[in-house]
Amino acid sequence: MRILAEGQGEYLKPDPDGYREWVRDHKSRALTPKLMGEKEAIDKFVQDGDYLVYECTYLQRGPSSLIRELIRQRKKDLWLCAKFTWVTAAMLVAAGCVSKMDVGFFLFGPIVGSAVREGRLKIYEYSNVVMTNRIMAGSMGIPFIALRSFGGTDGFKHSGAKIIEDPYTGQPTLIVPALNPDVALIHVQQADVYGNARIFGTGASDRESALASRKVILSAEEIIDTDEIRRDPGRTTIPYYAVDAVVHAPFGSLPGAVQGYYGADVVHLMEIVASTLLGQMDPYLQKWVYGVDSHQDMLDKQMGEAKLLELQKRMKISEGYRP
Amino acid sequence: MTKATHFNEREQQICLVARMIEDGRTYWVGGAGSPLASILLAKKRYAPTATYVTEDGVIAPEPALPFDPLMSMVSAEAGYRALQWVSMNLVGFHAQTGFMDYGIINALQVDSYGNINSTAIGDYEGEHRRFGGPGGGDSIAALCWRTIVMTDQQKRKFVPRVDFISSPGFLDGSPSAREAAGLPRDTGPWRVVTPWAVFDYDDNRHLRLTGVSPFVTVEQVLAEMDFEPAMADKIETLDTPSDEDLVLLRSELDVRGQITDVSRWIELRDGRFVFAEQG
């Protein structure tokens, strides 16, 4: 296969057989309860140096309580899949958790800027869909995937993409390496204790990340009975055998919204966006992350029941989000 | 329909794009802001059967407006009464297989061949100012049949060559540059719309000025470009918003003024549209 052009960016090397072996050796096929607390899940399944993907954003159905716990545990040297993300990239960089980033889109500010300038952070350029395509290839068990975008961009030069002569059509065709992240954090509306999970509504690459990642931590608004899953199997987004840990996290996406459950805490969102744009993350982290012991502690200390009820009431739309 | 006598630049730009929207066509709308406001205004006023999809996979919604700040994706309001909910990969595949007629995206910087920069201003390898990256813009510009780009009429935004190609236009302008880079045949930039002007592309894939807003002259537009565009044989005077357009924009689409707040105002004075005196 003739290579016509190739990017010079470092990339996580695809290893489909290695991934299959990981699945064989580490993913339980038995229906084993995996319910655990956020502390245990992050401690057990996120290691320094891991490649981390998380689904959706700090604003919208993201695994925000897990992200905050990861920061509290001061994980380091992570390689971040910064596709379709807003402030989380800056939060993790400010907290010293990240050393590399594959970028699709993030809310840029001085924190990431100075980390790059000072050589603490390396950035590789992609786009949102290029990254979700890479994860899709990882979830398919194949080494690379061809796509019809990304060619001709300057991002290409700073990526792991190549343009090849397609052996079937003879046309120049772009390929990107499959991505099998070490760990995925995904927030879902409902899951059973085994990890059978339902996501209602749109998202980036929830299904793909769950199948492509070596370790998968779900946080769920509700833990439901397996009988309920079996009653409507078409609604299962993620099967149990892909999942390593299930964390019950009501309001787990705050300050973001979860479709059908609660609206965003807009004042809190403005606080984190301003912290990102101004490059002053410490007060934010102190108040919302380090200053509390856990997600529940954050809800108790910084939110209170009345506020939580108000956010629930703000979610007026339920069509499509309740079975 | 009554012509408005007082509107701002962003409202003018959104109305220009809204009037380009065609019934029965599909649009892939990048992010939120002006592109989303344009298609929503069009659907309510000009092209009710136009359809749009979003990057997170909402297909043809009837959204519950207005949205909370920043909640234009993966939100119940934005996805309300859609025909389907899919994912980023699937909506990308819809475009990759040719289902998306048009893309609408914002750009930080655009060049004479319609290439778009949303990554870095300056020398990427050296001193530069960084921005958020292409997001979904790269896929929209690569995969939709035609792409509408929205940006401001400023010299630093219209450059001969963008500092960084985040999303592809006609690349180096050579006839089959996009195909050689692996992009689908017959796709590419179609219009650039600013509050002051509308551009298309000539046969050499070079940006061409086709119309200017009535509150600026051709010379003013050219003075806010760092290169000379091709010129259409006749430069059209562009239409302005109606009162009906503005009522919708202000009461439903941009209630908090997040999209339209930061731009200059235009008023009708002695029968001519002019920039309002700065208060």
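Read on for a plain summary of the structure. What you see is a predicted model; the values in this text were computed from it and never measured.

Conventions adopted
Just so you know, the residues in each chain are numbered from 1, in the order the chain's sequence is written. Each chain takes a letter, starting from A, and each ligand takes a number, starting from 1, following the order in which they are written. Two thresholds apply to this predicted model, a pLDDT of at least 70 for residue-level local features and 80 or more for giving and counting side-chain atom pairs, whereas whole-chain, interface and lining totals are computed over all residues. Where side-chain values are given, they derive from all heavy atoms of the structure, hydrogens and water being excluded. The criterion used for residue contact is that any of the two residues' heavy atoms lie within 4.5 Å. The term salt bridge refers to a pairing of a side-chain nitrogen on Lys or Arg with a carboxyl oxygen on Asp or Glu at a separation within 4 Å. Here a polar contact is taken to be a pair of N or O atoms separated by no more than 3.5 Å, where protein atoms must pair a possible hydrogen donor with a possible acceptor and residues adjacent in sequence count only if both atoms sit in side chains. Helix and strand assignments follow DSSP, with helices taken as H or I runs no shorter than four residues and strands as E runs no shorter than two, numbered in order from the N terminus. Cavities and pockets are found on a 1 Å grid laid over the protein atoms alone: a cavity is a set of points where a 1.4 Å probe fits but cannot escape, a pocket is an open set with protein on both sides within 12 Å along at least five of seven lines, and a lining residue has an atom within 4 Å of such a point. Grid points are joined across faces, edges and corners, and a volume is the space filled by probe spheres set on the points. Three classes are used, and their members are as follows: Ala, Val, Leu, Ile, Met, Phe, Trp, Tyr, Cys and Pro are nonpolar, Asp, Glu, Lys and Arg are charged, and the others, Gly among them, are polar. DSSP-based pairing: two strands are paired if at least 2 bridges between them are found. Axis definition: a line fit to C-alpha positions, over the contact stretch in the case of helices; interaxial angles, taken between N-to-C directions, run 0 to 180 degrees. Under this scheme an angle from 65 to 115 degrees is roughly perpendicular, one under 35 degrees roughly parallel, and one over 145 degrees roughly antiparallel; angles in between are oblique. Handedness of a crossing is defined here by the sense of rotation of the near helix relative to the far one, left-handed for an anticlockwise turn of less than a right angle and right-handed for a clockwise turn. Only protein chains enter the area calculation, which uses a 1.4 Å probe; residues under 20% of their type maximum are buried, those over 50% are exposed, and those in between are partly exposed. In this description, a nonpolar core means a group of buried Ala, Val, Leu, Ile, Met, Phe, Trp, Tyr and Cys residues linked to one another through side-chain atoms lying within 4.5 Å.

Take the interface of chain A and chain B next. On the side of chain B, 52 residues touch chain A, which itself brings 53 residues to the contact. Linking chain A with chain B are 1 salt bridge. For Arg130(B), the salt bridge identified is with Glu125(A), shortest N-O distance 2.5 Å. Viewed at the interface, chain B and chain A are joined by 19 residue pairs in polar contact (both at pLDDT 80 or more).

Let's shift gears to unusual backbone geometry. Omega for the peptide link from Leu254(A) to Pro255(A) comes to 10°, which places this bond in the cis form. Inspection of the secondary structure puts Pro255(A) in the loop between β12 (245-248) and α10 (266-278). With an omega dihedral of -5°, the bond running from Leu65(B) to Pro66(B) counts as a cis peptide bond. Mapped onto the elements of the fold, Pro66(B) is located in the loop between β4 (58-59) and β5 (84-85).

Now for empty space enclosed by the protein. Taken as a whole and judged by the stated rule, the model has 1 cavity of 30 Å³ or more. Considered as a void within the structure, the largest cavity measures approximately 30 Å³ in volume. Together, Glu125(A), Tyr126(A), Phe150(A), Thr153(A), Gly155(A), Thr119(B), Pro134(B), Phe164(B), Ile165(B) and Ser166(B) line the largest cavity. Split by residue class, the lining of the largest cavity holds 5 nonpolar, 4 polar and 1 charged.

Sheet strands associate in pairs through backbone hydrogen bonding, adopting either a parallel or an antiparallel arrangement. All names here are of chain B. One open sheet accounts for 3 strands, arranged β8-β7-β12; its pairing is mixed. Lying at the two open borders of the sheet, with one neighbouring strand each, are β8 (116-117) and β12 (158-159). The pairing of strand β7 (residues 109-111) with β8 spans 2 bridges and is classified as antiparallel. Residue pairing in the sheet places Gln109 in a bridge with Asn117 of β8.

Attention now goes to the packing of helix α1 (residues 9-18) of chain B against helix α2 (residues 33-45) of chain B. All names here are of chain B. For the pair α1 and α2, interaxial distance at closest approach is 8 Å and the crossing angle is 55°. When the axis of α1 is compared with that of α2, the two are oblique. Between α1 and α2 lies a crossing whose hand is right-handed. For the pair α1 and α2, the contacting residues are Arg10, Gln13, Ile14, Cys15, Val17 and Ala18 in the first and Ser34, Ala37, Ser38, Leu41 and Ala42 in the second. Looking at the contact of α1 with α2, its residues break down into 7 nonpolar, 3 polar and 1 charged.

This part takes up the pairing of strand β18 (residues 272-275) of chain B. All names here are of chain B. Looking at chain direction, strand β17 (residues 265-269) and β18 are connected through 4 bridges and run antiparallel. In the strand pairing of β18, Arg269 is matched with Arg272. What sits between β17 and β18 in their antiparallel hairpin is a turn of 2 residues, with Asp270 showing a positive phi close to 50°.

Relative to each other, helix α6 (residues 128-140) of chain A and helix α3 (residues 88-96) of chain B sit at 110°, their axes nearing to 9 Å. Viewed along their axes, α6(A) and α3(B) adopt a mutual orientation that is roughly perpendicular. In this structure, α6(A) contributes Asn128(A), Val129(A), Thr132(A), Asn133(A) and Met136(A) to the contact, and α3(B) contributes Met88(B), Asn89(B) and Phe93(B). Each residue belonging to the contact of α6(A) with α3(B) can be placed in one class, and the counts come to 4 nonpolar, 4 polar and no charged.

We now examine the pattern of salt bridges. For the coordinates displayed, the defined rule picks out 36 salt bridges over all chains. One salt bridge connects Arg322(A) with Glu222(A), and the closest N-O pair in it is separated by 3.9 Å. Remark: Glu222(A) occurs in strand β11 (residues 215-223) and Arg322(A) occurs in the segment after α13 (305-314); sequence separation between them is 100 residues. Residue classification places Arg322(A) among the partly exposed residues on the basis of a relative accessible area of 40%. Ionic pairing is found between Arg250(B) and Glu11(B), a salt bridge with its closest N-O pair at 2.8 Å.

The nonpolar side chains of soluble globular proteins are, as a tendency, buried together. Core analysis: the biggest nonpolar cluster contains 86 residues, and Ile21(B), Tyr27(B), Trp28(B), Ile39(B), Phe199(B) and Val221(B) have the highest contact counts within it. With residues near it in sequence (within four places) discarded, Ile21(B) still touches Tyr27(B), Ser38(B), Ile39(B), Ala42(B), Ala47(B), Ala50(B) and Ile104(B). Val46(A), Leu70(A), Met91(A) and Met315(A) belong to the second-largest nonpolar core, a separate cluster that totals 70 residues.

This paragraph deals with the pairing of strand β11 (residues 146-150) of chain B. All names here are of chain B. When you tally the buried positions in β11, you get 4 out of 5 residues, the bulk of the element. Direction of pairing for β11 relative to strand β13 (residues 189-193): parallel, over a ladder of 4 bridges. Paired with Ile148 across the bridge in β13 is Arg191.

Our next topic: the sheet that holds strand β6 (residues 144-147) of chain A. Residue and element names in this part refer to chain A. Pairing in this open sheet of 4 strands is antiparallel, and the strands run β1-β7-β8-β6 from one edge to the other. Only two strands of the sheet have a single neighbouring strand rather than two, namely β1 (3-6) and β6. Neighbouring strand axes in the sheet, compared pairwise and without regard to direction, differ in orientation by 30° on average. The pairing of strand β7 (residues 162-165) with strand β8 (residues 172-177) spans 4 bridges and is antiparallel.

Below, the discussion takes up the side chain of Asp111(B). Residue and element names in this part refer to chain B. Counting through the fold element by element, Asp111 comes out in strand β7. Polar contacts involving the side chain of Asp111 include one to the main-chain amide nitrogen of Asn115, which spans 3.0 Å. Excluding residues that lie within four positions of it along the chain, Asp111 makes contacts with Val159, Pro160, Arg161, Val162, Leu207 and Phe227.

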